[in-house]
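A look at the structure
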Amino acid sequence: MSSLPRRVKCVAKAPTSEELPSFLNSTSESEEEEEEWVPKTKIARRAHLPKKTEAKTKKAASPRSAVARKTVKKVAIKEEMDVSLPIAPAEDNKMKLLKSKEENAGIKPKSLNRTPEVPKKVEINSFQGINQNSLVSDEKPSTSVPVVKQEKCEEEFTFDEPPSKKIKLNTCPEGKPVKNLGGKIKEEFEMNWDIVQALSEITNVEPWVCANLIWLFQEENTIPFIARYRKELINNLEADTLREVQHALEELRTVAKKTHMMIQKLKKEGKLSSCLLKGLLNCRTLEELDHVSAPYKTGSKGTKAQRAKQLGLEPAALSLLQNPVDLNLFSYIRPNTKGLANIQEVEAGVQHILADIFAKDKDTLDFIRKLCHQRYISIQSTLAKVSSKNGNEKDIDKFQLYHEFSCNIKNIQHHQILAINRGENLKILTVKVNIPDGVKNEFCWWCVNERWRPKQFLKPEFMRLLRSSIEDAYKRLIYPLLCREFRSKLTSDAEKESVMMFGRNLRQLLLTSPVRGRALMGVDPGYKHGCKLAIISPTSQILHTDVVYLHSGQGFREAEKIKRLLLQYNCSTVVIGNGTACRETEAYFADLIMKKYFAPLDVVYCIVSEAGASIYSVSPEASKEMPDLDPNLRSAVSIARRVQDPLAELVKIEPKHIGVGMYQHDVSQTLLKATLDSVVEECVSFVGVDINICSEILLRHIAGLNTNRAKNIIEWREKNGPFINREQLKEVKGLGPKTFQQCAGFIRFNQEYIKTFCSNKKNELGNRGLLTKAGAVGKKKSKLTSCASQQPNPLDQTCIHPESYNIAMRFLSLIGGNANDIGKSDMQQKVDVVIQKEGLEGTAKRLNTTVNTLQLIIDGLTQPEDYDIRTDFDKPDFKRSIVCFEDLSVGAVLTGKVENATPFGVFVDIGVGKAGLIPVRNITEAKLSKVKKRRSLGLGPGERVEVKVLNVDIPRLRITLDLIRVL
């Protein structure tokens, strides 16, 4: 698919050295890596994944011929078959598959050396093909088909065949796919570890799913497309998990790339040895790679062990472990050589070499890590001496909780790690990892008596030297390494959780239910420069803009103007931004509403976040969209549109400026941007856009599209009129087969508008044809025929992908339905009759498709024409009165809206100008709504809740709440 246009992606990259916290840039001898250090990953494999069996399966696979690969690749490009095939999780599954293939009947196996005879214009469904019958058919094979006897392995399936149905397993009632991608996944940079297994261990996702995802990402499939249309291949994983796997995959590839760059550099410099090569190829993280390669970097002075080896003391160190009887350290003394001048210097050199050997031994490191895992390891923070003297008192008070803080590394919370790291970077806190002395004592005893026990009797001075070497290895090399490993792991997990929390909050905010069908007045509050007003129509058109001065003694006169505007445009909803002067503006409108000043209108108001509105108002997009408006008035328009259609308005703002994150400036900015952009793409794609009315800004966030492709779509629409069906997208410049595959399922068409347009266009062309001269009739006739061939397709208004249209039409024939009845109650009744009779699995088998694809088709056919997934989410909280902070009392029950969610609790706006905090311990599963589908145990921005006031701290303006229920 190299010839297809490539999609511009923002790839989640590993953090650079500038983004790493200070403790990872510390210098110690343990950073100066040496040749044999092979760290072991700490994440255990899942018990139900038999590694050995899977390894055998991969070795048994026979490679296909070059001709076969070439032929299949051509088919993939021609037919746009973009479905990967899952790996069998166990050997018995493979044997079942092979057995069913032997007993297979009447279906000719697809030959790798022969291109299938498919008409060029026939659209092949990438999920449903005839080849699926090969797993369920009971007919006997034709004698004309050659039977493969010896190479019956997973690789004899073609690379781009549609996925098979799931085979039922006794251990897993749902079954698991059993087809293979076509062999072991080959990476650009090979390492000593398998990327599929490594990815599975890091993410706790089944290996066969990881293998499928690697292939899907390599084929440039987007996360929304995979999550909706490739569920069989990913075991129904959520988009958040897909992002986590994608990020982990990019990290592993970054490590592999940098490792091979380091190998080439060391090889060129003549520093590469076999042991060093092995150590480098075993690295799985950037920290391990830096540890191994540090001593060999340009300008490095080398370790103490390396300098001792250069003096020729390595044979003495090895002799002490292997043959101490013949060892004579006095023979190494050279009075005129520094480092060998006396027996003390010789012993010190031998000690450094031994310590280096101990610190880089795999078994030794595994033992100390296991020991630490069983003991109480704590992280401690104290107030730094320098900051206590010269620091800003305000900044120091922010970290008051961490002036004398200690916690087990197994129990510490993510937000605590980020707070400690920030305090350390500001030089306010001093942080250290505390490993108890018992760990050191047990480790030293084990080394002397078990791992490094001499093979022969040691003299007392040699035994003393051995003990000193072990203690030196622990204190100077192993302990700093463990501290960095612990803190690196804690920081990495905390940053990932912070980014994922930001993503969850952003999704919740973007999917806030829109308020349609009413005019809105947006108010951007202010003191000196007045409050900016903007009234927009139900279709988001700007009707009026103005400035009123409510807080400078002119409030009564301005009230007349506001009332006149509300009555003139029949607007009964006011949207107030939560910036400067928000409380005063809210009190002003609440007072007028309570006095029924706007009668006969029943006016209500709501508070909305204006984060990012000022940045957007001066952006090029805002200037292009509202060229004649002052930037201050643009912000009022943006505030109103955030309630009318939150998704369409918030996508115009860079996600990190929306303000629903935690410690967003302390985490990797590369990871943050990639995750938030992916969340925006997911939300826009799953909601869908009407191709004929959506803006260019919204369109560029559809899966598979980018700025240039969105611009080309808008230009095509302006030049040729509205799109009639999804197939017309292929006529747009830059939209190749791959792009069409990724974006087509998320683009919608208003069928009534399309039918009206086609009817008018046909009549217009028909009238023109009657008025033309005889010589020009032929040309006009051909144009009319061309237009008539572009007919609207009712399936284009659904979430059904064009690759499944033939399945959908067969299903409609099965139930006796009509495509023009999509979304009507009759359609639901007909679907229910068939599904109750045959069941979902039986119907899918009859249509030769998968259960997930059939369920998607049913959803598309039965959902109303104006269905919006955002209707399941909460709308803004409209109010008519205000509650003051002083009016709060302990025990009061209030309703509010979630503003932000963090790992330690949820902030709720209860209408008093200051958000209250529900501690995480007060959020239990029993209090959450059972109706809504939740991805995690928690609340998100925009949700309406009922709370009880537990504590009011007026001097500090702090409110503690308890969650009663979710409304």
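Here, the structure is the one placed above.
Residues numbered from 1 in each chain as written. Predicted model: local features only at pLDDT ≥ 70, side-chain atom pairs only at ≥ 80, totals over all residues. Heavy atoms only, no water.

Some thoughts on the pairing of strand S6 (residues 542-548)
Regular strands place side chains that alternate from one sheet face to the opposite one. Cut-off, in case you're wondering: For two strands to pair, DSSP has to find at least two bridges joining them. Per the convention used, a helix needs a DSSP run of H or I reaching at least four residues, while a strand needs a run of E reaching at least two, with both numbered from the N terminus.
Relative to S6, strand S5 (residues 531-536) runs antiparallel, the two sharing six bridges. Directly across from Ile 536, in S6, lies its bridge partner Ile 542. As consecutive antiparallel partners, S5 and S6 are separated by five residues, and within that stretch Ser 540 has a phi angle of approximately 70°, a positive value.

Points about the packing of helix H9 (residues 274-281) against helix H10 (residues 286-293)
Here is the rule: All axes here are fitted lines through C-alpha atoms, helices being fitted over the stretch that makes contact, and every angle between N-to-C directions spans 0 to 180 degrees. Roughly parallel refers to an angle under 35 degrees, roughly antiparallel to one over 145, roughly perpendicular to one between 65 and 115, and oblique to any angle outside these ranges. Each helix crossing is assigned a hand: it is left-handed if the near helix lies turned anticlockwise from the far helix by less than a right angle, otherwise right-handed if that turn is clockwise. Contact criterion: two residues are considered in contact whenever any of their non-hydrogen atoms come within 4.5 Å of each other.
Two numbers describe how H9 lies on H10: the axes approach to 9 Å, and their chain directions differ by 165°. Considered as vectors, H9 and H10 are oriented roughly antiparallel to each other. When the axes of H9 and H10 are compared, the crossing they make is left-handed. Two secondary-structure elements touch here, H9 through Leu 276, Gly 279 and Leu 280 and H10 through Leu 289, Val 292 and Ser 293.

Things to note about the sheet that holds strand S4 (residues 520-524)
What the five strands build is an open sheet, ordered S6-S5-S4-S7-S8; its pairing is mixed. Strand pairing shows two members of the sheet lacking a second neighbour, S6 and strand S8 (604-608), which therefore form its edges. If you compare each strand with its neighbour and ignore which way they point, the axes differ by 20° on average. Of the strand pairs in this sheet, S4 and S5 are connected by five bridges, and their pairing is antiparallel. The partner of Val 523 across the bridge, within S5, is Leu 533. Seen against the sheet, helix H20 (residues 555-568) touches S4, S5 and S6 and runs at an angle of roughly 175° to S6. Helix H24 (residues 631-644) contacts S4, S5, S6, strand S7 (573-577) and S8 of the sheet and is inclined by roughly 50° relative to S5.

Examining the pairing of S7
For clarity, the cut-off: To sort residues, take the accessible area from a 1.4 Å probe on protein chains only and compare it with the maximum for the residue type: under 20% means buried, over 50% means exposed, and anything in between is partly exposed. Clockwise travel from the first strand over the helix to the second, with the strands pointing away from the viewer, marks a crossover as right-handed.
Taken across its five residues, S7 has five buried, putting it largely inside the fold. Here S7 shows no split at all, with Thr 573, Val 575 and Gly 577 on one side and Val 574 and Ile 576 on the other all buried. Summarising the sheet, S4 and S7 pair through three bridges and their orientation is parallel. Paired with Met 521 across the two strands is Val 574, which belongs to S7. Direction of pairing for S7 relative to S8: parallel, over a ladder of five bridges. Along S8, the bridge assignment pairs Thr 573 with Val 604. Taken together, S7, helix H21 (residues 582-594) and S8 constitute a β-α-β crossover, and its handedness is right-handed.

A look at the sheet that holds strand S3 (residues 429-434)
A sheet is described by the order of its strands in space; here three strands give the open sequence S2-S1-S3, paired in antiparallel fashion. Each having just a single partner strand, strand S2 (404-408) and S3 make up the two edges of the open sheet. On average, each strand axis in the sheet is tilted by 15° relative to the strand beside it, whichever way the strands run. Pairing geometry for strand S1 (residues 378-383) and S3, over six bridges, is antiparallel.

Remarks on the pattern of salt bridges
Quick reminder of the rule: Salt-bridge detection follows one rule: a side-chain nitrogen of Lys or Arg within 4 Å of a carboxyl oxygen of Asp or Glu.
Per the stated rule, a full pass over the model turns up 38 salt bridges. Arg 451 serves as the salt-bridge partner of Asp 361, at 2.9 Å between the closest nitrogen and oxygen. Within this pair, whereas Asp 361 is found in the loop between helix H13 (343-359) and helix H14 (362-374), its partner Arg 451 is found in helix H18 (residues 437-451), the two being separated by 90 residues in sequence. What makes Asp 361 buried here is its relative accessible area of 13%. According to the relative accessible area criterion, Arg 451 is partly exposed, its value standing at 29%.

Shape is all these values report; function is a separate question.
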